[in-house]
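Geometric and topological summary
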Amino acid sequence: MINGSCLCGLVTYQADCDNGPIIHCHCQTCRKAHSAAFASVMPIAPAAFKWTSGEDQLNSFESSPGKNRYFCTNCGSQLIAERREAKLILLRMGCVDSEISDRPDAHIWRSDGAPWYDPDHEIRQLAGTYAPA
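An account of the accompanying structure is given in this report.

Conventions adopted
The numbers attached to residues start from 1 for each chain and follow its sequence in the written order. Totals for whole chains, interfaces and linings use all residues, but because this is a predicted model, local features are given only for residues with pLDDT of at least 70 and pairs of side-chain atoms are given and counted only at 80 or more. Hydrogens and water molecules were not included; the side-chain quantities draw on all heavy atoms of the structure. To form a nonpolar core, buried Ala, Val, Leu, Ile, Met, Phe, Trp, Tyr and Cys residues must be joined to one another through side-chain atoms within 4.5 Å. Only protein chains enter the area calculation, which uses a 1.4 Å probe; residues under 20% of their type maximum are buried, those over 50% are exposed, and those in between are partly exposed. Secondary structure elements follow DSSP: runs of H or I no shorter than four residues count as helices, runs of E no shorter than two count as strands, and numbering proceeds from the N terminus. What makes two residues a contact is simply this: any of their non-hydrogen atoms within 4.5 Å. Two strands are said to pair when DSSP picks up at least two bridges between them. Classification of ring pairs rests on two measures: the distance between centres of Phe, Tyr or Trp rings, Trp counted by its six-membered ring, which must be within 6.5 Å, and the angle between planes, read as stacked under 30 degrees, edge-to-face over 60 and tilted in between. The distinction between a cavity and a pocket rests on a 1 Å grid over the protein atoms alone: a 1.4 Å probe fits inside a cavity but cannot get out, while a pocket stays open yet meets protein on both sides within 12 Å along at least five of seven lines, and a residue with an atom within 4 Å of a point counts as lining. Grid points are joined across faces, edges and corners, and a volume is the space filled by probe spheres set on the points. For this classification, the nonpolar set comprises Ala, Val, Leu, Ile, Met, Phe, Trp, Tyr, Cys and Pro, the charged set comprises Asp, Glu, Lys and Arg, and every other residue, Gly included, is treated as polar. The term polar contact refers here to a pair of N or O atoms within 3.5 Å; inside protein, the definition further demands a hydrogen-donor-capable atom paired with an acceptor-capable atom, and it admits residues adjacent in sequence only when both atoms are side-chain atoms. Each axis is a line fitted through C-alpha atoms, and for a helix only the stretch in contact is used; angles between axes span 0 to 180 degrees, taken between their N-to-C directions.

In this section: the nonpolar core. Proteins that are soluble and globular tend to have nonpolar side chains buried together. Ranked by size, the top nonpolar core spans 21 residues in total, and within it Met42, Phe49, Trp51, Leu79, Ile80 and Leu91 carry the most contacts. Of all the secondary-structure elements, those providing two or more residues to this core are strand 2 (12-15), strand 4 (39-44), strand 5 (49-53), strand 7 (67-72), strand 8 (78-83) and strand 9 (88-92). Ignoring anything within four residues of it in the chain, the contact list for Ile80 reads Phe49, Trp51, Asn68, Arg69, Tyr70, Ile89, Leu90, Leu91 and Arg92.

Have a look at this one:
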């Protein structure tokens, strides 16, 4: 069972399934939707997914044909994306509350990647807030 929630906690969900692969998507729409270098997602079957609270707090945005991104209208957290024709739900890993020890399987859409981010470049790992070197 995978549990997830938005930042404010109004919207929650459960996915009754095994972990899927974790994928880092670098496409331009994921980068813009998440204001980040990439979005980390886990594809699952729609039949395994259900909202457990706050469904009335959701809104969606069709970011590309057939792909709807669902977000909390209170805090703005993007929780999932749905591709109905592909019969696919993409859990947004930042909103997953369950302990998941699996490691990412792939970076996709590197052709759209942010030029300032290189997944092969090693940078400092800090336990807390940023401090200049």
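What follows deals with the pairing of strand 1 (residues 2-5). On any regular strand, side chains alternate: one points to one face of the sheet, the next to the other face. As paired elements, strand 1 and strand 2 share four bridges and run antiparallel to each other. Its bridge partner lying in strand 2, Ser5 is registered against Thr12. The hairpin formed by strand 1 and strand 2 contains six residues between the paired strands, and Gly9 there has a positive phi angle of roughly 85°.

With that settled, consider the packing of aromatic side chains. Inspection of every chain in the model, using the stated rule, returns five aromatic pairs. Relative to Trp51, the ring of Tyr13 lies with its centre 6.2 Å away and its plane at 85°, an arrangement referred to as edge-to-face. Of the two residues, Tyr13 sits in strand 2 while Trp51 sits in strand 5, which places them 38 residues apart along the sequence. Between Phe49 and Trp51 the ring centres are 4.8 Å apart and the planes differ by 90°, which places this aromatic pair in the edge-to-face class. The exposure classification of Phe49 matches that of Trp51, with both residues buried.

Further remarks concern the layout of surface pockets. By volume, the largest pocket is sized at about 210 Å³. What lines the largest pocket is a set of 15 residues, and nearest its centre among them are Cys25, Lys67, Arg83, Leu90 and Ile108. The set of elements that each furnish at least two residues to the lining of the largest pocket consists of strand 3 (23-25), helix 1 (28-34), strand 4 and strand 9. The dominant element in the lining of the largest pocket, judged by the number of residues it contributes, is strand 9, at three residues. Taken together, the residues that form the lining of the largest pocket break down as ten nonpolar, two polar and three charged.

Moving on, we get to the side chain of Ser77. Relative to the helices and strands, Ser77 resides in the loop between strand 7 and strand 8. There is a polar contact of 3.0 Å between the side chain of Ser77 and the backbone nitrogen of Leu7. In this structure, Ser77 is in contact with Cys6, Leu7, Tyr70, Phe71, Cys72 and Cys95, ignoring residues within four places of it in sequence.

A separate point is the sheet that holds strand 1. Strand order in the open sheet formed by three strands is 1-2-5, and the pairing between neighbours is antiparallel. The two strands at the open ends of the sheet, each matched to only one other strand, are strand 1 and strand 5. Neighbour to neighbour, the strand axes of the sheet diverge by 25° on average, direction disregarded.

With that settled, the discussion passes to the sheet that holds strand 8. Spatially, 6-7-8-9-4-3-10 is the arrangement adopted by the seven strands of the open sheet, whose pairing is mixed. Edge positions in the sheet fall to strand 6 (58-64) and strand 10 (106-108), since each of these pairs with one other strand and no more. When strand polarity is set aside, the average angle formed by the axes of neighbouring strands in this sheet is 30°. Sheet topology note: the strand 4/strand 9 ladder contains four bridges and is antiparallel. Directly across from Pro43, in strand 9, lies its bridge partner Leu90.

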